Every structure is written in structure tokens, then in C-alpha cells.
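Listed below are the residues making up each chain.
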Amino acid sequence: MKRLFPAALTALWLILSSFTIHLMGDSTMAEKDLSKGNPERGWGMMFQNFLDDGVKVINYAQNGRSTKSFIDRGLWDKVYNAIQPGDYVFIEFGHNDAKESDSTRYAAPRGAYQDNLRTFINGVREKGGNPVLLTPVARRWFKEGMLDRDCHGDYPAAMKEVAEQTGTPLLDVTTATLDWIEGLGDEASRPYFMHLEPGRYACAPEGKTDNTHTVASGARKVTEIICGLIKEQLPEIAEHLQRYDIVVSADGHGDYMTVQEAIDACPDYSHSEITYIYIRKGIYKEMVSIPHSKFRLHIKGEDAENTVITYDKFAKEFWPGRDFPVGTSGSATIYIHSSYITFEDLTFENSAGEGKDIAQAVAVFTDGDFLFFKGCRFLGNQDTLYTYGRFGKEGGIKRNYFLDCYIEGTTDFIFGPSIAYFEHCTIHSKKNSYVTAASTLKGQKYGYVFKDCKLTAAPGIDKVYLGRPWGAYARTVFIGCELGAHILPEGWHDWEKEGKPDTKKNSYYAEYQNYGPGAQGPRVKWSKKLSARKAAEYSFDKVMFQKQDGIIWDPYDNR
């Protein structure tokens, strides 16, 4: 387990200990052309996912390369010129050096192959780098049910000799991957390699049987094996290792290329274990649904600004093939029907725009309990964040926590019946309208609580209400918040209309120690000004603890 530091110390540690790992090798390591749905992956495509921000991976490996052709084609020169003091260079060859019939690639194991490895080692050290030798990834060759453990002939032994002679660290990937394949057996190991069914892949319409190259699951497994060897032999790199159960990457450098595929791959009804999902930078244009059975997930983006889940559905859009619109509830980019889920460093967006032809367009629809959003961005217009929660006792309690988030919109852009706690968030109004539209259920003590938040607005926006009651019993409280000049002095709107009688009497709107030009008032007479004693009732622990279930929630161990 990696050491835990405060954020500032962690950042400093990463800067001081940062370095690059340069990868030199063949097709088992290399980047792949993913056109026509090609499922092939080299393990070097996965490696960055297993390392923190202190380590950068550059993959120079190419299909078909041997030690000889890597030099002859100028690839070694590129690596050599890029090495900085303290960098590491991983060197893995052997598959193509063995091709005696190809004079452009063949390098005898105890001749040119060893000479070339020494050239690499000496060159890396000249530049102040650290060479690491890796024996080649095993081939999956079964004969009469038995794995051929001599699939690389003399090359692994020849590399080990060079490692010993030169004092170079060596990761015995050949033995480790042979053990893995042999442990699985013939049938169970096939799905990890390029065994493609006819008619399924445009890249191989007639199917394919390839026992050398891996699909995504195989590349992940090889990477895990290599990281295990790193832990044993390279402690200075091991300090930077991290692991996610699933990695999503739009460009193919992960287990899946879409967020929904990752969700679908999560275990159902995991009653204690958290599944960790990492989403690499990218624009993921897709509707995502997390069903009730997929609980206890931790979904983290590479960074919130550049890891975006977006879609453009809107309330007045008609269902395909039907003659009625999707409505507000049907317009969301992501539906969260499950509980105990953490989202971190992600952007959720509804990009449909705004206007009479659009109406509501939800970015996030929450229908689960114990949902934690940390450092996330919510982008939209009308009805951006729908804390759907429950409509009726059968729905149970629904609690949401938003920490260090950014939420923008035009009208009622934070709305719904859930209990929601917003802390250190920026709430940005894009139109003269209403920030919140809570519909807290009758008898529920807490609705929306905003603690130490900052309310901002787009240029020219100067007439915004803190909230209006979507339901007659709406409850919204702002505590210690900085309110910009766009907030109207009266603060709140009663939204009295049919179906919401006596909102002035039944709704509960209150503030405590807010500041900034929008906090000046005078407020409407039916809103409340909390005392210090009353404000203390709105701590995170008290809001989230409900007598109905008696659960004390720790969002940082969200299980």
C-alpha cells in the first residue's frame, strides 16, 4: 500500500521522485493500430495505468522488432537521445531475434543478441539511466495438453547471462508468464490471447488464432505480472505502483473504451469489497446507467477538466420510435441507481444546450444512497443536477455528499428530494433564475445543506434566487457561504402554485453567517436566520445520520 501524505507533501514527493520509464521491445509490448475494432493490446499500452503521476512511460516498442532491427531502424538512437539521468529503460526482446530466416532481424542468442543487449545497457548507463532487462513474454504453445515451456529456446538464458555479467536487474517475465498460462491450462488461457471468432471483428472477418499476442485482458495480466516482479526487485519503482480493478481509456490504453462497459463488468451485489475504476483523460460521449446491483464502486477520473462524460439528451426530445418526449427524468447523461459509490475528478455534462425547444436537460440523476462526489464538475443549463432520491417511503433514504465540486446551470439546476450536503463547492449561475428547487418530503428534517460554498455568476447575471420550492416542504440551508452580487436581496421565492399550497408556511429556508454582497438582504420574512445552536444541527455527521437505519457514514471508506 502506498504511503499516505497530505496533498501538498504528496505533490512535492511526486516532483522530487519523478522519472521516465522508456520501453524498448517487440509486439508483445508495443502500441497497436486499433482500427477495424482490433482487440490486440501490447502490455506497454497498459503499464502507465499501474503507475502514479510521478512516473511517465514512453513506449518505443514496435511490432516485429528484434535487438538488431531496433538498432538498424534508428529506434535505439531515439531512446538514447531521450534518456535523462535517473530514468529507467526496460529492454525486452527475444521473439524476433530467433527468426533465422530473416537476416534483417536474426541475432544469435549467444552472439549478436547478447552484444546488442550490452550496447543498450552501456548506452543507458552513459546517459545516467538505469537499464532493466526483461525476458520475453511467453508464447501460449500447447501440445497434447502440455504447455511448451521452451518456447523461446536459448534467449531467456542468454539474457540472464548478460544480466549477471553486467550487474543489470532482470525481470524473468518468461518464467512468470509460463507459470500463469500453465496454471490456467489450454482452454482457460485462450480468451487472453488473439483467438478471434469468425464474423465478429472487422480486422479479422474470418477469425484468427494467435498464441503470441494478447487482447486487453491478457495485456492487463502480463502487466500485473511485471508489476509483481517490480515489487520484488525494484523498490524505487514499486513506490510508484498503483492498481485499479478496471481502467477505461477512450484510446484503447485500458480494459475498456467506454464507461458503460466498465460498469457492466463490475461485480453484482458486492457486499464488502469496493471495485476501483480509473477513467483516463478523454471525452466519453455516452449515456451511462449504474444499476442497483452495481454498488460499492469508486470511479476516479485522471483529472476533472479533461475527463468528461457527456451526452445531449433533453426533455422535449422524443423517444426513438415513440410519439412522446423523454421528459426531465429521461434526459440524463448518467443515472446512478446504486448506493455506496464514490466519484472523483470527473466532469458530468449535458451538452444539449438550452431554450424552449430543449427545456430540461439533466447531467446527473442520483437515485442511490451514500453517493460521494469529490472534485467533480457538473455542466449543464436547466436542471443540471437531479437528486432524484425517493418519491414515497418505499424508496428509502437517499444521501448525497458533494465536496470541492463545481456545479453550473441556469434554472433550478440543483433540484430534487434527496438529502444533499454541499461543502466547499462553487455554484455558478448562467442565467437570472433560481439556483435550487428542493422537493424535500414531508417530515424529512434535512434537504439541501450548503456549507462554505461560493456562489458565482456569469457576466451580466444579477437577479438570482437562492431557491424556490419544487415541493411544498422544501428545505434548503446556506451556512458560511460567499454569495455574489447576483443573489437578490430577498433571497428566496415561494413559487406558490397549484400542487404546492402554503409553501411560505411549509418550506424551510435558512441561512447562517453567509457573507458577500448577496448576503446583505433584507430577506423575505418567511425565511429563517439560524442561531449558532441551530446551525450546529447542520454538521455533516448530523445531516447524514438517520435514525431509520442508524448508519454512521464514512465517505472516505464508502462501503
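Residues numbered from 1 in each chain as written. Predicted model: local features only at pLDDT ≥ 70, side-chain atom pairs only at ≥ 80, totals over all residues. Heavy atoms only, no water.

**A look at the sheet that holds strand β32 (residues 465–467)**
Reading across the sheet, the seven strands line up as β14-β17-β20-β23-β26-β29-β32 and stay open at both edges, with parallel pairing between neighbours. Across the chains shown, the open sheet's two edge strands, defined by having one partner strand only, are β14 (288–290) and β32. Of the pairings in the sheet, the one linking strand β29 (residues 434–438) to β32 comprises two bridges and is parallel in character. In the strand pairing of β32, T436 is matched with G467. (Pairing = 2+ DSSP bridges. Helix = DSSP H or I, 4+ residues; strand = E, 2+ residues; numbered from the N terminus.)

**Structural notes on unusual backbone geometry**
Across the junction of G521 and P522, the peptide omega takes the value 10°, indicating a cis bond. The backbone phi angle of A359 is positive, close to 65°, even though this residue is not glycine. Mapped onto the secondary structure, A359 falls in the loop between β19 (347–350) and β20 (364–366). In this structure A359 comes out as buried when scored by relative accessible area, which is 13%. For D383, which is not glycine, the phi dihedral falls at a positive 65°. Within the element layout of this structure, D383 appears in the loop between β22 (377–379) and β23 (385–386). When its relative accessible area of 6% is taken as the criterion, D383 is described as buried. (Buried < 20%, exposed > 50% of the residue type's maximum accessible area, 1.4 Å probe, protein only.)

**Brief notes about helix α6 (residues 173–184)**
Between its terminal C-alpha atoms α6 stretches 17 Å, which fits the 16 Å expected from 12 residues at 1.5 Å a residue. For α6, the full list of buried residues reads V173, T174, A176, T177, L178, W180 and I181. With its phi angle positive at about 90°, G185 sits one or two positions after the end of α6. (Expected span 1.5 Å × (residues − 1).)

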